[in-house]
Amino acid sequence: MENKTIIPSKKEYVAYAHKLETPMPLATGLREAAEKISFSDEKTLVNNLVEFKQNVINYMTHFNIDYREFESDQEDKRNLKGGFSKRAVQNHPFLGERGLRLVRDKLSNGMFLKTEETDLYLTLLNKKIAEETNELIEAMNKKERKEELGDVFEVFNTLLSARGINESLIEHKRQTK
């Protein structure tokens with residue numbers, strides 16, 4: 001069901017995206033790019049990762065946020081809660097694959113995927129990047145945006161590492177596109 005609001009001067013209904021501050025084209029681009037990562041095969045994965053990163057950069061540019069603004073906060077968060085590289089999971093009956101969702105290492109209650117569960121780990125990373133992207137789109141102020149950008153980059157870099165892709169390759173392709 002679509003949300004509507006009345007514009008007093010026009011006295012007609014106009015749809016809006018539940019008061020998001022993220023412009024719809026930007027939100028759509030981010031969501032679609034995150035979704036493409038999930039459905040990538042080996043041939044299209046790198047290009048889809050490049051497209052995703054470019055969409056995140058566009059978001060940062062739109063809201064005038066520099067990477068340095070959230071880099072140190074993200075390091076503090078990693079120290080406090082851990083990252084995503086140790087394959088920590090939590091039971092979650094409504095989200096995730098097989099009732100699991102990926103969480104930061106220090107929030108796992110001792111549940112970790114086994115090394116041989118690589119396919120499940122990659123699936124959960126794909127879902128996590130989509131989840132974090134949606135949280136970024138829904139962020140309503142600069143503080144929330146910086147926190148969510150940090151989370152998006154954390155999952156993005158973990159996904160690159162898990163796939164054996166060098167971030168400099170992604171950045172080089174993004175800049176030469």
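Counting of residues starts from 1 at the beginning of each chain's written sequence and follows it residue by residue. Whole-chain, interface and lining totals are the exception, using all residues; otherwise, since this is a predicted model, local features are given only for residues with pLDDT of at least 70 and side-chain atom pairs are given and counted only at 80 or more. For the side-chain quantities, the full set of heavy atoms in the structure was used; hydrogens and water were omitted.

Undergrad: Explain the packing of helix H1 (residues 24-38) against helix H2 (residues 45-62) residue by residue, including any values.
TA: Packed helix pairs are specified by the crossing angle of their axes together with the interaxial distance, meaning the distance between the axes. Each axis is a line fitted through C-alpha atoms, and for a helix only the stretch in contact is used; angles between axes span 0 to 180 degrees, taken between their N-to-C directions. A run of H or I in DSSP counts as a helix once it spans at least four residues, and a run of E counts as a strand once it spans at least two, with each numbered from the N terminus. Running from N to C, H1 and H2 point in directions that differ by 155°, and their axes come no closer than 9 Å. As judged from the angle between their axes, H1 and H2 are roughly antiparallel. As H1 runs across H2, the sense of the crossing is left-handed. Of the residues in H2, those in contact with Leu26, Gly29, Leu30, Ala33, Ala34, Lys36 and Ile37 of H1 are Leu45, Asn48, Leu49, Glu51, Phe52, Asn55, Val56, Asn58, Tyr59 and His62. In the contact of H1 with H2, the residues fall into 10 nonpolar, 5 polar and 2 charged. Should an angle fall under 35 degrees it is called roughly parallel, over 145 degrees roughly antiparallel, and 65 to 115 degrees roughly perpendicular, with every other angle called oblique. Take the far helix as your reference; a near helix turned counterclockwise from it by less than a right angle gives a left-handed crossing, and one turned clockwise gives a right-handed crossing. Here, residues are in contact when the closest pair of their heavy atoms is within 4.5 Å. Any residue outside Ala, Val, Leu, Ile, Met, Phe, Trp, Tyr, Cys, Pro, Asp, Glu, Lys and Arg is labelled polar, Gly included; the first ten of those are nonpolar and the last four are charged.

Undergrad: Explain unusual backbone geometry to me, using residue names and the numbers behind them.
TA: Residues apart from glycine generally show negative phi values, whereas peptide bonds are mostly found in trans. Residue Asn64 is not a glycine yet carries a positive backbone phi of 55°. Checked against the element boundaries, Asn64 lands in the loop between H2 and helix H3 (68-81).

Undergrad: Would you mind going over the nonpolar core in detail, with residue names and values included?
TA: By nonpolar core is meant a set of buried Ala, Val, Leu, Ile, Met, Phe, Trp, Tyr and Cys residues that side-chain atoms within 4.5 Å join together. Exposure is judged per residue with a 1.4 Å probe applied to protein chains only, and the accessible area is read against the type maximum: over 50% gives exposed, under 20% gives buried, and values in between give partly exposed. In terms of nonpolar packing, the biggest core is built from 40 residues, with Leu49, Phe52, Val56, Tyr59, Leu149 and Ile170 touching the most fellow members. Contributions of two or more residues to this core are made by H1, H2, strand E4 (100-102), helix H4 (118-138) and helix H5 (142-163). If sequence neighbours within four positions are ignored, Val56 has contacts with Leu30, Leu149, Val152 and Phe153.

Undergrad: If you had to explain the environment of Leu49 to someone new, which residues and values would you point to?
TA: Mapping Leu49 onto the fold places it in helix H2. Judged by its relative accessible area of 0%, Leu49 falls in the buried class. Once residues within four sequence positions are removed from consideration, Leu49 is found in contact with Ile37, Phe156, Leu159, Leu160, Ile165 and Ile170.

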